[in-house]
Amino acid sequence: MRARDNPFSTDRVLAVRYRPQGWDWDALLGRLSELDYRAAIVGPEGRGKTTLLEDLGERLRAEQGVDVKWLRLTREQPRFDRRWLRTFFAGVTDRDVLLFDGAEQMGRLAWWSFLRMARRARVLVITSHRPGLLPTLVRCDTSPELLEWIVRELVGCTVRLPVRELFYHHNGNVREALRDLYDLCAESGSVGDATSSLPPKTAAFCLATRGVGASGPAGAATRGRG
Amino acid sequence: MDGSVITIELDGGRTGFRPGELLTGSVAWRLERPAKDLEVRLFWFTQGKGTQDVRVTAIRRVDVIGLQGRGGFRFKLPDSPYSFSAKLISLAWAIEAVAQPGERSARVEIVIAPEGKEVRLDADPLAPSVPWPNRR
């Protein structure tokens with residue numbers, strides 16, 4: 001299968017937006033206001049924190065007409081250049097929304113320094129693997145049903161794919177499960193053939209999963225961001 | 001987003017090209033709000049597993065006169081990279097027209113490769129394309 005046809009390609013996965021579980025957007029924005037617009041989205045890796053932060057930024061931009069500014073730290077780039085950060089904050093005003101992805105990468109001192117610099121911003125929402133940096137706005141979690149929903153969004157069905165098995169194998173890390181599904185489709189040639197390359201136990205598991213029918217990637221041609 | 005329409009037409013309706021060829025076409029626009037600028041961009045992007053890459057390799061500016069009109073563009077296509085697909089990554093070329101300000105745009109995908117067809121690397125290179133000869 002060509003990479004561009006793989007239903008689990010990065011551009012298609014990124015096009016699937018966050019699915020609120022047990023709350024709605026009005027409630028979330030209300031809670032953000034109660035927390036004085038300083039809050040954290042918390043959860044382990046692969047739970048959709050970044051996707052939720054992006055969606056929240058879009059909502060705030062669309063509904064409140066504010067400017068959204070992004071900061072991001074990762075394991076590969078775990079700290080900001082000090083001079084760059086000072087320049088960045090020099091341009092922050094009380095109309096700005098600051099969205100900071102990966103705040104858990106910061107040490108305690110750097111975090112307190114960051115908070116001081118971010119005082120001027122109207123809103124500060126961070127993502128973090130652990131609670132405690134800011135009051136928790138929402139805790140992101142996943143479930144086998146959520147992964148099945150994502151797979152249905154991407155493929156049209158979950159039949160013959162070991163969705164639940166991969167969910168448990170990766171301890172709920174949906175990103176890793178989707179990467180495995182990518183490999184499975186890439187090696188199998190098509191989604192329909194994916195089962196044939198699995199060991200017998202897995203194939204039996206797949207056949208027992210619910211879902212019927214088979215179709216090509218739903219809206220694949222129009223999903224790509226490019 | 002508004003009801004503006006932008007369309008790209010490539011001369012001869014071609015979408016497959018060889019490296020170094022001249023690509024010509026036109027962009028037509030019917031805008032609801034005036035545009036300051038209309039750019040036609042030649043770029044490539046990747047799809048597949050992992051990080052996506054995008055690189056704009058050439059830009060042409062089209063004079064936008066009025067809310068409705070048409071303008072031509074031409075690109076000398078680069079020698080590389082070729083349009084290709086493997087299991088982990090695909091690389092595709094495209095022409096994009098973007099009217100500023102706003103998010104008004106159109107895109108046409110093209111192929112740049114020696115035969116004017118995407119190079120396919122996704123098939124198993126070790127798989128025999130013809131039956132194995134009898135070695136006895």
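From a predicted model like this one, the values you see are computed outputs, not experimental measurements.

Participant: Would you mind going over the overall build of chain B with me for this structure?
Facilitator: The helix and strand tally for chain B stands at zero helices and ten strands. Helices (α) and strands (β) of chain B occur, in sequence order from the N terminus, as β-β-β-β-β-β-β-β-β-β. Burial analysis of chain B (136 residues in total) assigns 39% to the buried set. A fraction of 69% describes how many contacts in chain B between residues 6 or more apart in sequence connect residues 24 or more apart. When the accessible area of chain B is evaluated, it comes to approximately 8200 Å², of which 52% is carbon and sulfur surface.

Participant: Can you walk me through the nonpolar core in this structure?
Facilitator: In this structure, Val27(B) and Ile110(B) are the most contacted members of the largest nonpolar core, which totals 29 residues. Residue assignment for this core shows that the elements contributing at least two residues are strand E1 (5-10), strand E3 (22-30), strand E4 (37-48), strand E5 (54-62), strand E6 (68-76), strand E8 (89-100) and strand E9 (104-112) of chain B. If sequence neighbours within four positions are ignored, Val27(B) has contacts with Ile6(B), Thr7(B), Ile8(B), Leu38(B), Val40(B), Val62(B), Gly69(B), Arg70(B), Gly71(B), Phe73(B) and Ala97(B). Within the second largest apolar cluster, 23 residues are counted, among which are Leu147(A), Val151(A), Ala177(A) and Tyr182(A).

Participant: Would you mind going over unusual backbone geometry with me for this structure?
Facilitator: A negative phi holds for most residues other than glycine; trans holds for most peptide bonds. At the junction of Ser80(B) and Pro81(B), the peptide bond is cis and its omega measures out at -5° in the coordinates. Here Pro81(B) lies in the loop between E6 and strand E7 (84-85). Here Asn171(A), not a glycine, exhibits a phi torsion of approximately 50°, which is positive. Structurally, Asn171(A) is set in the loop between helix H7 (163-169) and helix H8 (174-188).

Participant: When you look at the sheet that holds E6(B) in this model, what are you seeing that I'm missing?
Facilitator: Think of a sheet as strands paired side by side through backbone hydrogen bonds, with each pair either parallel or antiparallel. All names here are of chain B. Taken in spatial order, the three strands make up an open sheet running E1-E3-E6, and their pairing is antiparallel. Only two strands of the sheet have a single neighbouring strand rather than two, namely E1 and E6. This sheet shows a mean twist of 20° between the axes of neighbouring strands, independent of strand direction. In the sheet, E1 pairs with E3 via six bridges, with the strands oriented antiparallel. Paired with isoleucine 8 across the two strands is valine 27, which belongs to E3.

Participant: I keep staring at the packing of helix H2 (residues 25-34) of chain A against helix H3 (residues 49-64) of chain A and nothing clicks. Help me out?
Facilitator: Two quantities define a packed helix pair, namely the angle between the axes and the distance from one axis to the other. Residues and elements named next belong to chain A. Relative orientation of the contacting elements H2 and H3 amounts to 85°, with a least axis distance of 12 Å. Here H3 runs roughly perpendicular to H2, going by the angle between their axes. Each of Trp25, Leu28, Leu29 and Leu32 in H2 lies in contact with H3, whose residues at this interface are Leu52, Asp55, Leu56, Arg59, Leu60 and Glu63. Among the residues making up the contact of H2 with H3, the classes are represented as seven nonpolar, no polar and three charged.

Participant: Sorry if this is basic, but what is going on with H3(A) here?
Facilitator: An α-helical turn contains 3.6 residues, so a residue and the one three or four places further along point in the same direction. All names here are of chain A. Compared with the 22 Å implied by 1.5 Å per residue over 16 residues, the 22 Å span of H3 between its first and last C-alpha is a close match. Along H3, the residues classified as buried are Lys49, Leu52, Leu53, Asp55, Leu56, Gly57 and Leu60. If you follow the buried residues of H3, they end up packed against H2, strand E1 (38-42), strand E2 (67-72), strand E3 (96-101), strand E4 (123-128) and strand E5 (136-139).

Participant: Which parts of the structure should I look at to understand the pattern of salt bridges?
Facilitator: Any two side chains of opposite charge can pair, on the condition that their charged atoms come close. Here the structure, examined in full by the defined rule, presents 26 salt bridges over all chains. One salt bridge in this structure joins Arg164(A) and Glu145(A), with 2.9 Å as the shortest N-O distance. In this pair, Arg164(A) is assigned in helix H7 and Glu145(A) in helix H6 (residues 144-155), connecting sequence segments 19 residues apart. Residue classification places Glu145(A) among the partly exposed residues on the basis of a relative accessible area of 40%. With a shortest N-O distance of 3.8 Å, Arg70(B) and Glu9(B) are connected by a salt bridge. Taken as a pair, Arg70(B) in strand E6 and Glu9(B) in strand E1 lie far apart in primary sequence, 61 residues in all. A single salt-bridge network, built from bridges that share partners, covers Asp37(B), Glu39(B), Arg41(B), Arg61(B), Glu96(B) and Arg107(B).

Participant: Any chance you could explain the environment of Thr57(B) here in plain terms?
Facilitator: Residue and element names in this part refer to chain B. Mapped onto the secondary structure, threonine 57 falls in strand E5. C-alpha of threonine 57 to C-alpha of isoleucine 8: the two residues are 49 residues apart in sequence and 18 Å apart in space. Other than its neighbours up to four places away in sequence, threonine 57 contacts Leu42, Phe43, Trp44 and Trp93.

Participant: How should I be thinking about the confidence of the model for chain B in this particular structure?
Facilitator: Detail in the predicted coordinates should be disregarded across regions flagged by low pLDDT. Residue and element names in this part refer to chain B. In this model, chain B carries an average pLDDT of 88, and 90% of its residues clear a pLDDT of 70 or more. Put simply, strand E10 (residues 119-120) is where chain B has its lowest mean pLDDT, 93, and strand E2 (residues 16-17) is where it has its highest, 97. The low-confidence segment residues 127-136, where pLDDT is below 50, has zero contacts with residues more than four positions distant or belonging to other chains. What the predictor reports for the complex is a pTM of 0.78 with an ipTM of 0.77.

Reading guide: rules and limits
Residues numbered from 1 in each chain as written. Chains lettered and ligands numbered in written order. Predicted model: local features only at pLDDT ≥ 70, side-chain atom pairs only at ≥ 80, totals over all residues. Heavy atoms only, no water. Helix = DSSP H or I, 4+ residues; strand = E, 2+ residues; numbered from the N terminus. Buried < 20%, exposed > 50% of the residue type's maximum accessible area, 1.4 Å probe, protein only. Contact = heavy atoms within 4.5 Å. Areas by Shrake-Rupley, 256 points an atom, 1.4 Å probe, with all protein chains shown as cover. Core = buried A, V, L, I, M, F, W, Y, C linked by side-chain atoms within 4.5 Å. Pairing = 2+ DSSP bridges. Axes fitted to C-alpha atoms, helices over the stretch in contact; angles between N-to-C directions. Parallel < 35°, antiparallel > 145°, perpendicular 65-115°, else oblique. Nonpolar A, V, L, I, M, F, W, Y, C, P; charged D, E, K, R; others polar. Expected span 1.5 Å × (residues − 1). Salt bridge = Lys/Arg side-chain N within 4 Å of Asp/Glu carboxyl O. pLDDT = per-residue confidence, 0-100.

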